[in-house]
Amino acid sequence: MWKNFPFFPEQASAMAWQVDGLYFLLVAVSAFFTLLIFALVLYFAVKYRRSVHPHPAQIEGSLPLELTWTLIPLGICMVFFAWGSLIYFQEARPPKDAMEVYAVAKQWMWKFEYENGQRDINELHVPVGRDIRMVMSSQDVIHSFFVPAFRVKADVLPGRYTETWFRPTKVGTYHLFCAEYCGTNHSAMIGQVIVMAPEEYQAWMNSGGGGGPTGSLAANGERLFGQLGCATCHGLETQGRGPNLAGLYGKPVLMADGRTVTADENYIRESILNPGVKIVAGFKPIMPTFQGQVSEEGLMALEAYIKSLSRPQAEGAADHRPPAPDESSTK
Ligand code: CUA
């Protein structure tokens, strides 16, 4: 409907109808009460006009009436609250087995990186029907990842990771916007989300779609892990001067000060850039900071590598590389 005047974006994600349903309910309830109030104002203005009722009657309070007009609106508001919270919690908790895509926002473009190392600029390719988890960070100011057709919007902040997720339900091309004013070309910081059928997606991945793959993200991370000398202290076979990182991701970690934190993406990021903030119990604060030595993309590769150490069979990062025709020629 409304082809040339798209009043409403397409519903292209599993969450879209819920967001729309809540929105329509809000509009309907608001419209109902607006009309009711206006109608009653008119009705009473005529019914109690001065020529018929020259002297207003004094009305005392009425407990049942006051309870009614308190409890009914309370009930209506609780419906909005409950439904809104339900949607919020669903949107805030990505499913465990979601496919991960990393995004780096900068003035004024979107850079995407897939698990197999493939890269995209201002275009995000995803397969239909899969849960996609976006792990996002900004290189400069605050941006916001907004795909109206999926009904998702999440701020992208410098210095930390934020996440959002969606399950595209329709093959097609959808708008991607930056929804946070981020400078002169904010309005031009747009892109496309291309939802493809699974086979098409696989073909696109294998063809080296976006940028050519230089090995999986985890493999790049493994290389960087060696180059930066991380491996000297964080031995994978034995406990070194730093904690063993195998199986770390997603697990609770006991700190020297008695706190327990979950080893999520932000914890790993902080431990690389600001290692002194959280010291693991039993270790000394000897790790130097890597601030300024690792790019956002490098950090994402390291994250992917550390995550790969927690996969069920604990295979090496190299095993995550997709079958590519020129596999032997890539380093
Ligand atoms: Cu980036 Cu607005």
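Numbers given to residues run from 1 along each chain, matching the order in which its sequence is written. With pLDDT at 70 or above as the cut-off, local features in this predicted model cover only qualifying residues; side-chain atom pairs require 80 or more to be listed or tallied, and sums for whole chains, interfaces and linings still use all residues. Processing note: side-chain calculations cover all non-hydrogen atoms of the structure and skip hydrogens and water entirely.

Caption draft 1: Seen up close, the packing of helix α6 (residues 265-273) against helix α7 (residues 296-308). Packing of α6 against α7 leaves a shortest axis separation of 10 Å and a crossing angle of 120°. As far as their axial angle goes, α7 and α6 are oblique. For the pair α6 and α7, the crossing hand works out as right-handed. Residue-level contacts link Glu265, Ile268, Arg269, Ile272 and Leu273 of α6 to Glu296, Leu299, Leu302, Glu303, Ile306 and Lys307 of α7. In the scheme used here, Gly and all other residues not listed as nonpolar or charged are polar, with Ala, Val, Leu, Ile, Met, Phe, Trp, Tyr, Cys and Pro taken as nonpolar and Asp, Glu, Lys and Arg as charged. Here the contact of α6 with α7 is composed, by residue class, of six nonpolar, no polar and five charged. Lines are fitted to the C-alpha atoms to define the axes, a helix being fitted only along its stretch in contact, and any angle between axes, read from their N-to-C directions, falls within 0 to 180 degrees. Secondary structure follows DSSP: runs of H or I at least 4 residues long count as helices, runs of E at least 2 residues long count as strands, and numbering of each begins at the N terminus. Roughly parallel covers angles under 35 degrees, roughly antiparallel covers those over 145, roughly perpendicular covers 65 to 115, and oblique covers all other angles. Definitions for this section: a left-handed crossing has its near helix turned counterclockwise from the far helix by less than a right angle. A right-handed crossing has that turn clockwise. Any pair of residues with heavy atoms lying within 4.5 Å of one another is described as a contacting pair.

Caption draft 2: Geometry of the layout of surface pockets. For each structure, a 1 Å grid was placed over the protein atoms alone; sets of points admitting a 1.4 Å probe that cannot get out are labelled cavities, open sets with protein on both sides within 12 Å along at least five of seven lines are labelled pockets, and lining residues have an atom within 4 Å of a point. Grid points are joined across faces, edges and corners, and a volume is the space filled by probe spheres set on the points. Taken as a whole, the second largest pocket spans an internal volume of roughly 630 Å³. Around the second largest pocket, the lining is made up of 32 residues, and of these His234, Gly242, Pro243, Ser271 and Met287 lie nearest the centre. By residue number, the principal contributor to the lining of the second largest pocket is α6, which donates four residues. Here the residues of the lining of the second largest pocket are counted per class, giving 22 nonpolar, seven polar and three charged.

Caption draft 3: How the structure looks around the nonpolar core. In these notes, a set of buried Ala, Val, Leu, Ile, Met, Phe, Trp, Tyr and Cys residues joined through side-chain atoms within 4.5 Å is what counts as a nonpolar core. A 1.4 Å probe rolled over the protein chains alone gives each residue an accessible area, and that area as a share of the maximum for its type sets the label: buried under 20%, exposed over 50%, partly exposed in between. By size, the foremost hydrophobic cluster in this structure holds 33 residues, and its most contacted members are Trp110, Phe112, Leu124, Met134, Phe145, Phe150 and Phe166. Among all residues touching Phe112, those that are not within four sequence positions of it are Val101, Tyr102, Ala103, Gln118, Arg119, Asp120, Asn122, Glu123, Leu124, Met134, Phe145 and Leu176. In terms of nonpolar packing, the next biggest core, distinct from the first, is built from 30 residues, Ala218, Val294, Leu299 and Tyr305 among them.

Caption draft 4: Molecular detail of the pairing of strand β10 (residues 191-196). For β10, a buried count of five out of six residues is recorded, marking the element as mostly surrounded by other parts of the structure. Paired strands, in this sense, are two strands between which DSSP finds at least two bridges. In this sheet, β10 lies alongside strand β9 (residues 172-178) in antiparallel orientation, the contact comprising five bridges. For Gly172, the partnering residue across the bridge sits in β10 and is Val195.

Caption draft 5: Quick peek at the environment of Tyr249. Its place among the elements puts Tyr249 in the loop between α5 (230-233) and β11 (252-254). Residues Tyr249 and Glu265 lie 16 residues apart in sequence; the distance between their C-alpha atoms is 7.9 Å. Not counting residues up to four positions away in its chain, the partners in contact with Tyr249 are Glu100, Arg133, Ala263, Asp264, Glu265, Ile268, Ile306, Lys307 and Ser310. Counting of polar contacts relies on pairs of N or O atoms within 3.5 Å, with two restrictions inside protein: one atom must be capable of donating a hydrogen and the other of accepting it, and residues adjacent in sequence are counted only when both atoms are side-chain atoms. Polar contacts involving the side chain of Tyr249 include one to the side chain of Glu265, which spans 3.4 Å.

Caption draft 6: Unusual backbone geometry, seen in detail. At the junction of Gln107 and Trp108, the peptide bond is cis and its omega measures out at 0° in the coordinates. In this fold, Trp108 is placed in the loop between β1 (99-106) and β2 (109-114). One non-glycine residue, Asn122, lies in positive phi territory at about 60°. Position of Asn122 relative to the elements: it lies in the loop between β3 (119-121) and β4 (123-127).

Caption draft 7: How the structure looks around a nonpolar patch on the surface. Together, Phe32, Phe33, Leu36, Ile37, Phe38, Leu40, Val41, Tyr43, Phe44 and Tyr48 line one region of the surface with nonpolar side chains, adding up to about 1000 Å² of accessible area. Under the relative-accessibility criterion, Val41 is labelled exposed at 52%. Excluding any residue in a salt bridge, patches collect residues exceeding 30% relative accessible area, merging like charges within 9 Å and nonpolar Val, Leu, Ile, Met, Phe, Trp and Tyr side chains within 5 Å. Surface accessibility in these figures is a Shrake-Rupley result with a 1.4 Å probe; residues are shielded only by whichever protein chains are displayed. Each salt bridge in this description consists of a side-chain nitrogen of Lys or Arg and a carboxyl oxygen of Asp or Glu lying within 4 Å of one another.

Caption draft 8: Molecular detail of helix α4 (residues 217-227). Looking only at α4, the buried set comprises Leu217, Ala218, Ala219, Asn220, Gly221, Leu224 and Phe225. Residues of α4 that are buried sit in contact with β1, β2, β3, α5 and α7. Within two residues after α4, Gly229 carries a phi angle of roughly 80°, on the positive side.

Caption draft 9: Region of the structure containing the packing of helix α1 (residues 16-47) against helix α2 (residues 63-92). Where α1 meets α2, the axes come as close as 10 Å, and the angle between the chain directions of the two elements is 160°. Taken together, α1 and α2 sit at an angle that is classed as roughly antiparallel. Crossing of α1 over α2 shows left-handed handedness. Contact with α1, carried on its side by Gln18, Val19, Gly21, Leu22, Leu25, Leu26, Val29 and Phe33, involves Ile76, Val79, Phe80, Trp83, Gly84, Ile87, Gln90 and Glu91 of α2 and no other residues of that element. Across the contact of α1 with α2, the residue classes tally to eleven nonpolar, four polar and one charged.

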